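# Tertiary structure, described
Residues per chain, in single letters:
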Amino acid sequence: MKAVVMAGGEGSRLRPLTIGRPKPMVPVVNKPVMAHILDLLKRYGITEVIVTVQYMADVIQDFFGNGQGLDMRIEYAIEEIPLGTAGSVKNAEPFLSKDEPFLIISGDALTDINLQDVINFHEEHNAVVTITLYRVPNPLEYGVIITDPDGRITQFQEKPSWGEVISDTVNTGIYVVDPSVLSLIEPGKPVDWSKDVFPKLLEEGKPMYGRVASGYWCDIGNVQEYMRASFDLLAGKVDLGPLGEHIGGNIWVGENVEIAPDAQLYGPIYLGTEVKIKGGVTIHGPTVVRDYTVVDNRAHLDRVIAWRNCYIGEAAELRGAIIGRQCSLKSKTVVFEGTVIGDNCIVGEGAIIHPNVKLWPSKEVEPGATVRASIIWGSQGRRQLFGRFGVTGVVNVDLTPEFAAKLGAAFAATLPKGAYVTINRDPHRSPRMLKRAIISGLPSGGTNVWDLRNLPIPVARYYTRVSKAAGGVHVRLSPFDQRVVDIRFFDANGLNLSKDAERNIERVFFREDFRRAYMYDIGLIEYAPDAVERYIEGFMKVIDADVLRSAGLQVVVDYASAPNSEVLPIILDRLAVDVIPLNARIDPNRMALPQEEFEERLRRLAVITGALGSDLGVRLDVGGGKIFVVGDRGQILGQQVAAAAMVELLLRTEPGSTIAIPVNLSNVFERIVAAHGGQVKRTKVDVQALMRACAQEDIVMAADGSGNFAFSRFQPAADGLLATVKLLEMLAVQQVRLSDVVKSLPSFHIAVGRVNCPWEAKGTVMRLLNEQYKNVPIEQTDGIKIYLSEDEWVLIRPDPDKPLFHLTAEAKSTQQAEELIEKYRRVVEGLQE
């Protein structure tokens, strides 16, 4: 016997799940629902199948092919226009035998009904049509069928009201049909079995029978029924064979699944191929997590269906939700009961999705947003690429190779044809992959590439500046999170791109308005010549080498297992500095460290520096742009203390100099600089703003109080290699110990805090703050800085990337500063009400 599988349904009531696929391709636990139907047919020896397709027919054809992989023979009857349930079978008539009955079954219902029993019943009663019936508690949405005691059909009721219901046996859409019935159907016209053909057969007195089936049957007509069918299959209520390997606890897994030892899983649960369940995750069944999805640390899932290639971030909480394919839910997102998130959506950090909300595919929810209504129309996908650290995202979730190639092509389109772009990375495998993808995009727009391989960021910035390149790219693993990659773009001066330049790249990227070079205009890819040598040459010109060589200083340097160790040792050797190296071997797996490990390494540096009596201890960050300083007595200097010491030494060496610092640093800097006749320029709390300020002629040095130092005579960008040597040079020139410099500094007391604030309330809070404090001295360089007295101030600054405010306060004691933070936290919270 042959079977006709009805697979033309759009599944409009399942939207947004069916926007990118036909209804039969919606996955139920481990495979598409139609694949379960084909397995059922095969169980009863039916291997010759005709599939009727209309909506997104190619998706079904591409997936199942000719059936060879299933040991079946599959042919397709394609409808140009919808022909109805009977018209589509008429369209498949050329593939059917004229002499034997055939089976019709829906490709979008889940069932384990005994098909052989239905076929036997059909043959025993010499029926022209046998309809498989099923008892349901609520028959209102189905075609109700009434039979006599022998099973012969006597009446049809199509979707009756409760007042009309006289039976609970409904039509399952599973039929055994004699081929003679097809002669009643006009070809090429929409015809329905229940509305047209069956009533006509009944009127003519043809033998039509109904067989009430046992087993399981569910018409996946809406989202609720889809969840029910999935969870019933997971719970073993449907007999369709094993879902995967059973590892105990009613948990089924695919191949190469990783489950952290401290994850807590309560079945029934299905985990698809190469799913990763990270530390501290809690999953309550019934839950389905399909192939290649990552559930990150401390996430909580309860009655969730997550399709393949999703990322569920740290401490995310999902309850009773369906997550479509290739979605990214960032850390601390909360998704409530009944929510359906379509394919390729991004839900930002800390966002809250309220119950029963539907997100249509390719939508992006901003970090911290609260979504109370469905998002159907509007902009598709993200409309902003750049954040504080460039283009940032989870590797292979937000930042994929194809995304990176497009990004490279977009950058190329904003530059002159034939221009050169430098490109650099850190040693980790993730930046390497994305860098190569970016390289493939740049030449497509007629831009040449100078590949710097993997060098410290200051070297890449300097080479971009002096090589007359039109710009540069650096790809790094985020120092804050090893799952995240940052892609930073430089201008021709080696500085971060301006906001206007970033917007130009975004415009090209989202419009896909790429410039495509033709043949010989395609850019070249070359290794950059003499990058390290040119950096060192320029470096030595701004250093008093003779003073350092004669000083005989000793320094302990932690190279952070990064490419810093391939540049700075050459410089220190030329300057005759005695170096005790730590972590000098490049280790790609140490590009991002947990905070505890970083602090342990810093303590180890302090112990070694103090024990050896070295003049200085320095740890470079992975990129080489930032330093962490240890004094000669083994004391770890706070970042603002280190900045103050550097400013003190600079002003002693070059009195009258002007420095640039951000608005959140202590007022003690003005006192230090004023004592030496210098000036202070305050900037926004942003490294980019600091570097732009340093590029001005009157600025000698810029410091941000977090380890970034820039010296304008060499390059206006943060350079930890130069900062290390400059600190040694100034100690040698002044012939002082760093501990004595620190001791001479005025004391200061800073406290910091943060307060959450919805995006939509940020503007209101800032307006009310400015109105409330208009009669006291304020500064508006970045946020609002309220001066309470000569020695006390509070800075309230909105975060550019997150739904929160940063608070910084200075007072006469640490306790008073902390009290100010608490006071103004309550002020900001009160203004949100």
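To keep things clear, this report deals only with the structure shown in the data block. Computed from a predicted model, the values in this text were never measured in an experiment.

This next bit is on the overall build of the protein. On a plain count of helices and strands, the protein comes out with 21 helices and 55 strands. Once the C-alpha set of the protein is aligned to its principal axes, its extents read approximately 110 × 65 × 45 Å. Across the 833 residues in the protein, those meeting the buried criterion constitute 57%. Taking contacts inside the protein between residues at least 6 apart in sequence as the whole, the part at least 24 apart equals 59%. Accessible area of the protein: about 34200 Å², with a carbon and sulfur share of 47%. Of the side chains in the protein, 90 bear a positive and 104 a negative charge, and the two mean positions are spaced by 4 Å.

A sheet is described by the order of its strands in space; here 4 strands give the open sequence β44-β43-β45-β46, paired in mixed fashion. At either end of the open sheet lies a strand with only one pairing partner, and these are β44 (578-582) and β46 (627-630). Each adjacent strand pair in this sheet contributes to an overall mean axis angle of 20°, direction not counted. As paired elements, strand β43 (residues 554-558) and β44 share 5 bridges and run parallel to each other. Along β44, the bridge assignment pairs Val557 with Pro581.

Counted under the stated rule, the structure contains 47 salt bridges. Between Glu537 and Lys541 there is a salt bridge, and its shortest N-O distance comes to 4.0 Å. Taken together, the residues span about one helical turn, with Glu537 and Lys541 both in helix α11 (residues 531-541) at a distance of 4 residues. Look at Lys541 and you get exposed, because its relative accessible area is 65%.

Taking every second residue as pointing to the same face, both faces of β46 are buried, with Ile627 and Val629 on one and Phe628 and Val630 on the other. Where strand β45 (residues 616-620) meets β46, 4 bridges bridge the pair, whose relative direction is antiparallel. Bridge pairing in β46 places Val618 opposite Val629. The antiparallel pairing of β45 with β46 creates a hairpin that spans 6 residues between the two strands, and Gly624 there sits at a positive phi of about 85°.

Next up on the list: the packing of aromatic side chains. Scanning the entire structure with this criterion turns up 20 aromatic pairs. With a centroid separation of 5.9 Å and 55° between ring planes, the pair formed by Tyr134 and Trp217 is classed as tilted. With Tyr134 in strand β8 (residues 129-135) and Trp217 in strand β13 (residues 217-219), this residue pair connects regions lying 83 residues apart in the sequence. Grouping residues by exposure puts Tyr134 and Trp217 together as buried. Ring centres of Phe411 and Phe489 lie 4.8 Å apart, and the angle between their planes is 75°; this geometry places the pair in the edge-to-face category. Here Phe411 is found in helix α7 (residues 401-413), whereas its partner Phe489 is found in strand β41 (residues 484-490), with 78 residues between them in sequence.

Our focus in this paragraph is the side chain of Ser565. Positionally, Ser565 belongs in the loop between β43 and α13 (568-574). A polar atom in the side chain of Ser565 sits 3.1 Å from the backbone oxygen of Ala562. There is a polar contact of 2.8 Å between the side chain of Ser565 and the backbone oxygen of Ala584. Aside from chain neighbours lying at most four places away, what touches Ser565 is Tyr559, Ala584 and Ile586.

Bringing the packing of helix α9 (residues 457-466) against α11 into the picture now. Running from N to C, α9 and α11 cross one another at 85°; their axes reach a closest spacing of 9 Å. Between α9 and α11, the angle falls in the class roughly perpendicular. Across the interface between the two elements, Pro458, Val459, Tyr462, Tyr463 and Val466 of α9 pack against Ala531, Arg534, Tyr535 and Gly538 of α11.

Attention shifts here to helix α6 (residues 223-234). The end-to-end C-alpha separation of α6 is 17 Å, in line with the 16 Å expected for 12 residues at 1.5 Å each. Those residues of α6 that sit buried are Val223, Glu225, Tyr226, Met227, Ala229, Ser230, Phe231, Asp232, Leu233 and Leu234. For α6, the side-chain oxygen to backbone nitrogen distance between the N-cap and Gln224 is 3.2 Å, and the N-cap itself is Asn222.

What follows deals with the pairing of strand β53 (residues 784-787). Relative to β53, strand β52 (residues 778-779) runs antiparallel, the two sharing 2 bridges. By the bridge assignment, Ile778 is partnered in β53 with Ile786. Between β52 and β53, which follow one another and run antiparallel, lie 4 residues, and Gly783 among them has a positive phi close to 75°. Relative to strand β54 (residues 793-798), β53 runs antiparallel, the two being bridged by 4 bridges. Residue Tyr787 lies in a different strand from β54, and its bridge partner there is Trp793. Connecting β53 to the antiparallel partner β54 that follows it, the hairpin turn spans 5 residues.

Strands sit in the order β51-β55-β54-β53-β52 across an open sheet of 5 strands; the sheet is antiparallel. The sheet is open, and its two borders are formed by β51 (749-756) and β52, each paired with just one other strand. Examined bridge by bridge, β54 and strand β55 (residues 804-811) share 6 bridges and lie antiparallel to one another. Considered in β55, the bridge of Arg797 is made with His806.

Take α11 next. Among the residues of α11, those classed as buried are Ala531, Val532, Tyr535, Ile536, Gly538, Phe539 and Met540. Residues of α11 that are buried sit in contact with α9, α12 (545-551), α13 and α18 (720-734).

Together, Tyr518, Met519 and Tyr520 make up a nonpolar patch on the protein surface, roughly 460 Å² of accessible area in all. Mapped onto the elements, Met519 comes out in the loop between α10 (499-511) and β42 (525-527). Residue classification places Met519 among the partly exposed residues on the basis of a relative accessible area of 45%.

A word on the nonpolar core. Soluble globular proteins tend to bury their nonpolar side chains together. If you look at the biggest cluster of nonpolar residues, it comprises 72 residues, and the most contacted ones within it are Tyr535, Phe539, Ile571, Leu575, Met646, Phe709 and Val725. Setting aside chain neighbours within four positions, we find Ile571 in contact with Tyr535, Ile536, Phe539, Met540 and Val725. Ranked by size, the runner-up nonpolar core spans 63 residues in total, among them Met34, Val170, Val176 and Trp252.

As a further point, take the packing of helix α20 (residues 759-772) against helix α21 (residues 814-831). In the contact formed by α20 and α21, the axes pass within 9 Å of each other and the chain directions differ by 120°. One finds that α20 runs oblique with respect to α21. Like other packed secondary-structure pairs, α20 and α21 cross with a definite hand, here right-handed. For the pair α20 and α21, the contacting residues are Val765, Leu768, Leu769 and Gln772 in the first and Val827, Val828 and Leu831 in the second. Residues of the contact of α20 with α21, tallied by class, amount to 6 nonpolar, 1 polar and no charged.

Here the focus is the environment of Asp451. For Asp451, the location among the structural elements is in strand β39 (residues 448-451). Between the alpha carbons of Asp451 and Ile423 there is a distance of 5.2 Å; along the sequence they are 28 residues apart. The residues contacting Asp451, other than those within four sequence positions of it, are Ile423, Lys435, Ile439, Glu526, Tyr527 and Ala528. A polar atom in the side chain of Asp451 sits 2.5 Å from the side chain of Lys435.

Criteria and thresholds
Residues numbered from 1 in each chain as written. Predicted model: local features only at pLDDT ≥ 70, side-chain atom pairs only at ≥ 80, totals over all residues. Heavy atoms only, no water. Helix = DSSP H or I, 4+ residues; strand = E, 2+ residues; numbered from the N terminus. Buried < 20%, exposed > 50% of the residue type's maximum accessible area, 1.4 Å probe, protein only. Contact = heavy atoms within 4.5 Å. Areas by Shrake-Rupley, 256 points an atom, 1.4 Å probe, with all protein chains shown as cover. Lys, Arg positive; Asp, Glu negative; His and termini not counted. Charge placed at Lys NZ, Arg CZ, Asp CG, Glu CD. Pairing = 2+ DSSP bridges. Axes fitted to C-alpha atoms, helices over the stretch in contact; angles between N-to-C directions. Salt bridge = Lys/Arg side-chain N within 4 Å of Asp/Glu carboxyl O. Phe/Tyr/Trp six-rings, centres within 6.5 Å; stacked < 30°, edge-to-face > 60°. Polar contact = N/O pair within 3.5 Å; in protein donor to acceptor, adjacent residues only side chain to side chain. Parallel < 35°, antiparallel > 145°, perpendicular 65-115°, else oblique. Expected span 1.5 Å × (residues − 1). Patch = residues over 30% accessible without salt bridge, like charges linked within 9 Å, V, L, I, M, F, W, Y side chains within 5 Å. Core = buried A, V, L, I, M, F, W, Y, C linked by side-chain atoms within 4.5 Å. Left-handed = near helix turned anticlockwise from the far one by under 90°. Nonpolar A, V, L, I, M, F, W, Y, C, P; charged D, E, K, R; others polar.

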